[in-house]
Amino acid sequence: MIDLTKCEKAIMRHFIYSVTLLVLIFFQIQHVQAQIVPTNVNVEELTDDQIVRIQNEISSRGLTIDQAAELAKAQGATQSQINELKARLKEVQSGKKTTANTSVTGELLGEELLSDTLSVKAEIEVSEKNKQIFGYNLFNAENLTFEPSVNIPVPADYVIGISDEMTINIWGASQQTYNLEVDVNGNIQIPDLGPVHIAGKDFKEAETLINKRLIAIYSGMGGSNPNTFADISISQLRSIKVNVIGEVNAPGSYTIPATASVFNALYLSGGPNENGSFRNIKVIRQNKEVARVDVYDFLLNANMESNIALRDQDIIFIPAYTKRVAATGEFKREGYYELVENETMSNLLNYVGGFSDVAYQELLSITRVTGKELKVVDVKGSEFVNFLPLNGDSIVAGKIIDRYENRVSIQGAVFRPGTYALNPEMHLSELIAKAEGVTENVYSDRGVLVRLGEDLSPMTISFNVSDVIAGENDFLLQREDQVIIRDIFSMREQRYVRVYGQVQNPGEYEYKDKMSLKDMIFMSGGLTEAASESYIEISRRHDYETSSQITDDMVQLYQFNVSRNLAIDEEDSSFELKPYDYIYVRRAPSYYEQRTVNVKGEVLFPGEYSISSKNERISDLIERAGGLTPYAYAKGAILNREVDNSEIIKQSLELIGDSLLDKSEEQLDNSKLELRLADILDNPGSIYDYILKEGDEITIPEEMQEIKVSGEVLNPIGLAYQPGRSMKYYIERAGGFSSDAKKGKVYVIYSDGTARVTKSGLGRRYPKPEPGCQIIIPSKPERENGESTTRWLSIASAFSSLAVAIAAVLR
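A quick note: this is a predicted structure, and the numbers were derived from the prediction, not measured.

1. Quick look at the pattern of salt bridges
1) Next: Under the defined criterion, the tally for this structure stands at 21 salt bridges.
2) Next: One salt bridge in this structure joins Lys201 and Glu205, with 3.7 Å as the shortest N-O distance.
3) Next: Overall, Lys201 belongs to the partly exposed group, its relative accessible area being 23%.
4) Next: Across the pair Arg368 and Asp393 runs a salt bridge whose closest N-O atoms are separated by 2.8 Å. With Arg368 in strand β13 (residues 359–369) and Asp393 in the loop between β14 (374–380) and β15 (394–399), this pair connects stretches of sequence that are 25 residues apart.
5) Next: Arg368 sits in the buried class, given a relative accessible area of 13%.
6) Next: Residue Asp393 is classed as buried on the basis of its relative accessible area, which comes to 1%.
7) Next: What you see here is one network of salt bridges that share partners, running through Arg279, Asp294 and Glu343.

Right, dumping it as structure tokens:
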């Protein structure tokens, strides 16, 4: 442990608050007048707290690490010590712990160097009403703080007190640094000069006094051409204690920097409480009132004049409010507002920020407490300047009514439809002129004006638009009149023409006057390759005159020939389309797109083929494919045909519902057809020789020599086909029936997709096996446990009833 005397501690403070604390780590004090030996300092012995203190001081002085290192090097520090210190600074910045000895912290820095713990903002719980008082947020807002700061320049009028630390830097021809504390007598002790009394003086005055005294030992500071200069500053401020009492959210004593102001103390204490005054806060010093703070003056005028600097043992007293009113409704700032004597309604309107945009400003309604009951007071706008609100008044600003005093509107076929002001003696023609007149497509035979009666029930007034514009039959408008003028398009059904059939873009098109058939085909993209030029039909509905007569005809039909190139000719002008015409462009009777079928397997030329005619059959296709190869197995040929079951499934869904739909789709989606290829080739054109359809796929396999046995046998297996052998032979070769086999339902699936089942009668007659077939032995159906019992009970009941009937007959 290092034992430091009070004088040694003072010299230590002198070095800490010099240009940078980095120099301090290289100073080791032997005695009061000892020489500095920075090489004796062991950087590893410095604590984390000292390293953090050094880093903070470097930052506050606006220096970089390298700049501070150069200053230390100039004082005699070695490069090794500087490198070690930089490493320690880097470790602390990254959050790593160091191994320095922390036991020397208190002795090295001195207890006097540690500033008193400053008070922090009190945690308070306030009522909802307190939060609505104007001024509350000033001292309790999250984003606005009056936290006292210790890192601010000392103002010139700062009054120096006991425990303030002064730093005096001498530079020029002489160089010296003093770090001096104001002692209990109000003096600083300058070596070789003696005490200088500065307590109670403001900083500017003390600075002048110290400069004059320094000239006694630094002669270079005097004269007209000085070569020595002094820089005087306060390196560490003292802390002071103030008391906040009265109607405050957190009354008590607070420790704050000596530069703190009234607002700093109010912020820490949470400001006035629900009953506290924001307009009459008193600062009492030595039993005398030295300031009176009106928070509203700061909030509304940004005036900080009353926010004076505090001194030790000052008292901030917050009395109870005298007059407070509630402002609600259409004000910009609702809440509770404190008024002082002789403040009128006009002053209150200034505090609330004035009326909102939709406020009724001609009258304010006040609910007043008279002492024994409530009273309503109405205040007119002309009385705001002189009306004095009373304590407890509740002032409500109403909202304007949704009503226009001079509004008229016009809509429809005018260039500027909308709302307009109603001028005195304004006519309808003037409103149309304000809307910049009617559009070219105006429906001029009639317009309608909607007017409200005395009981606000609407009524209509019709007028001729052309007459009004000409100044005839014009009439005066009234408030809330609505004028409606239509255009010709809105007064008739939307006109169109529809095109169906063989055009590029069939559909509905807007009708245009003088449109010909070729124009419409042109607009729909022209004819397709499949279109018939010689048979184009137009269907035309009856006009309103024909429709008024009873007739069997529903439409008029017209047929035309149209050249594919849509060349302009006399026919264009001879027949014009009318609205709602339907145009049908037919398909050419012999136009077909290629339809493709596929032949796979054992033919000479397998592959895709186009169907050549509507009656081409399978036998024709096999012939075109070169016939069967010697290895073809005609009985195993398969035909797959694309089947569109969507409509059937839709109808089935309506009949059987969702529960059976999946099974229905499974059964309906059967694209495999029976193909008796051998019979087809022996007898072309028979009922089995199907006419080909697009997408048909014929597969002719190679000759097959095996039979598969599956299902309820002991050993499902594939076996070689042997001519003349019965099905029992193959079942026995597969190990015979299992105990679950349904022997009477054995069936065979042949290679062409057809199947045959075992027939029962006098013995079982099994289907005949063929090469490539599959013998399937199904399982017995599972039965529930109670099924047999129930069945026998039913049989017994039936026999019992029969016995009773026979006995009755015999009697």
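2. Some points on the sheet that holds strand β22 (residues 507–510)
Each strand in a sheet pairs with another by means of backbone hydrogen bonds, the pair being arranged parallel or else antiparallel.
1) Next: If you walk across this open sheet you meet the five strands as β22-β21-β25-β23-β24, and the pairing is mixed. The open sheet has two edge strands with one neighbour each: β22 and β24 (555–560). With direction set aside, neighbouring strand axes in the sheet form an average angle of 20°.
2) Next: In terms of strand pairing, strand β23 (residues 531–541) meets strand β25 (residues 582–587) through five bridges, oriented antiparallel. Each residue of the ladder has a partner; that of Ile538, found in β25, is Ile583.

3. Here's the deal with the sheet that holds strand β20 (residues 482–487)
1) Next: Strand order in the open sheet formed by five strands is β17-β16-β20-β18-β19, with mixed pairing between adjacent strands. Among the strands making up the open sheet, the edge pair consists of β17 (418–421) and β19 (458–463). Geometrically, the sheet is characterised by an average inter-axis angle of 25° between neighbouring strands, direction not taken into account.
2) Next: The pairing of strand β16 (residues 407–412) with β20 spans four bridges and is parallel. Across the sheet, the residue bridging to Ile410 is Val483, located in β20.

4. Topic: the environment of Val377
1) Next: Residue position: Val377 is located in strand β14.
2) Next: Residue Val377 is classed as buried on the basis of its relative accessible area of 14%.
3) Next: Distance in space between the C-alpha atoms of Val377 and Ile366 is 4.9 Å, their sequence separation being eleven residues.
4) Next: With residues up to four places along the chain from it excluded, the contact list for Val377 reads Leu364, Ser365, Ile366, Arg368 and Phe387.

5. Here we look at helix α7 (residues 203–214)
1) Next: Over its twelve residues, α7 runs 16 Å from end to end, which matches the ideal 16 Å to within 8%, given 1.5 Å per residue.
2) Next: Turning to α7, its buried residues are Phe203, Ala206, Ile210 and Leu214. All buried residues of α7 lie within an arc of 70° about the axis, which places them on one face of the element.
3) Next: Where α7 is buried, its residues contact β1 (165–172), β3 (187–190), β4 (194–197) and β5 (228–236).

6. Re the nonpolar core
Nonpolar side chains tend to gather and get buried jointly when the protein is soluble and globular.
1) Next: Grouped together as the largest cluster of nonpolar side chains are 72 residues, with contacts concentrated most on Met166, Ile190 and Ile210.
2) Next: Per-element accounting of this core gives the leading share, six residues, to helix α8 (residues 262–269).
3) Next: In this structure, Ile410, Phe475, Val483 and Ile485 belong to the second largest nonpolar core, which totals 21 residues.

7. Topic: the confidence of the model for the protein chain
In low-pLDDT regions, the fine details of the predicted coordinates are not to be read closely.
1) Next: With 82% of its residues at a pLDDT of 70 or more, the protein chain has an overall mean of 82.
2) Next: Of all secondary-structure elements in the protein chain, the lowest mean pLDDT belongs to helix α5 (residues 105–109), at 34, while β16 reaches the highest, 96.
3) Next: In this model, residues 1–37 is a region of pLDDT below 50 whose contacts with residues beyond four sequence positions or in other chains number 88 contacts.

8. So, the packing of aromatic side chains
1) Next: The tally for this structure, following the rule as stated, stands at 15 aromatic pairs.
2) Next: Ring centres 5.7 Å apart and planes at 80° place the aromatic pair Phe139 and Phe263 in the edge-to-face group. Residue Phe139 is located in the loop between α6 (128–131) and β1, and its partner Phe263 is located in helix α8; the two are separated by 124 residues in the primary sequence.
3) Next: A relative accessible area of 0% means that Phe139 is categorised as buried.
4) Next: Each ring, one from Phe355 and one from Phe384, has its centre 6.3 Å from the other, and the planes form 35°; the classification is tilted. Of the two residues, Phe355 is situated in the loop between α10 (345–351) and β13 and Phe384 in the loop between β14 and β15; the sequence distance between them amounts to 29 residues.

9. Side note on a nonpolar patch on the surface
1) Next: A contiguous nonpolar patch, built from Val358, Tyr360 and Ile400 and spanning about 240 Å² of accessible area, is present on the exposed surface.
2) Next: In this structure, Val358 sits in the loop between α10 and β13.
3) Next: Look at Val358 and you get partly exposed, because its relative accessible area is 32%.

What counts, and at which threshold
Chains are numbered independently. Their residues run from 1 in the order of the written sequence. Local features in this predicted model are restricted to residues of pLDDT 70 or higher, and side-chain atom pairs are both shown and tallied only at a pLDDT of 80 or more, whereas totals for entire chains, interfaces and linings draw on every residue. Excluded from the side-chain calculations are hydrogens and water; all other atoms, namely the structure's heavy atoms, are used. Whenever Lys or Arg places a side-chain nitrogen within 4 Å of a carboxyl oxygen from Asp or Glu, that contact is recorded as a salt bridge. Only protein chains enter the accessibility calculation, which uses a 1.4 Å probe; a residue whose area is less than 20% of its type maximum is buried, one above 50% is exposed, and one in between is partly exposed. Helix and strand definitions here come from DSSP, where helices need a minimum of 4 consecutive H or I residues and strands a minimum of 2 consecutive E residues; each element is numbered from the N-terminal end. When DSSP finds two or more bridges between two strands, those strands count as paired. Under this scheme, a helix contributes an axis fitted over its contacting stretch, all axes are lines through C-alpha atoms, and angles between N-to-C directions fall in the 0 to 180 degree range. Contacts were defined at the residue level, with two residues in contact if any of their heavy atoms lie within 4.5 Å. By definition here, a helix of n residues has an expected span of 1.5 Å times n minus one. Directions are taken from the helix axis to each C-beta atom, and the arc is the one they span. In this description, a nonpolar core means a group of buried Ala, Val, Leu, Ile, Met, Phe, Trp, Tyr and Cys residues linked to one another through side-chain atoms lying within 4.5 Å. pLDDT runs from 0 to 100 and stands for how confident the predictor is about each residue. Two rings from Phe, Tyr or Trp (for Trp, the six-membered ring) form a pair when their centres are within 6.5 Å of each other. A pair whose planes differ by under 30 degrees is stacked, one over 60 is edge-to-face, and the rest are tilted. Patch membership needs two things, relative accessible area over 30% and no salt bridge, and members are linked within 9 Å if like-charged or within 5 Å if nonpolar (Val, Leu, Ile, Met, Phe, Trp, Tyr). Note on areas: Shrake-Rupley, 1.4 Å probe, and residue coverage restricted to the protein chains presented here.

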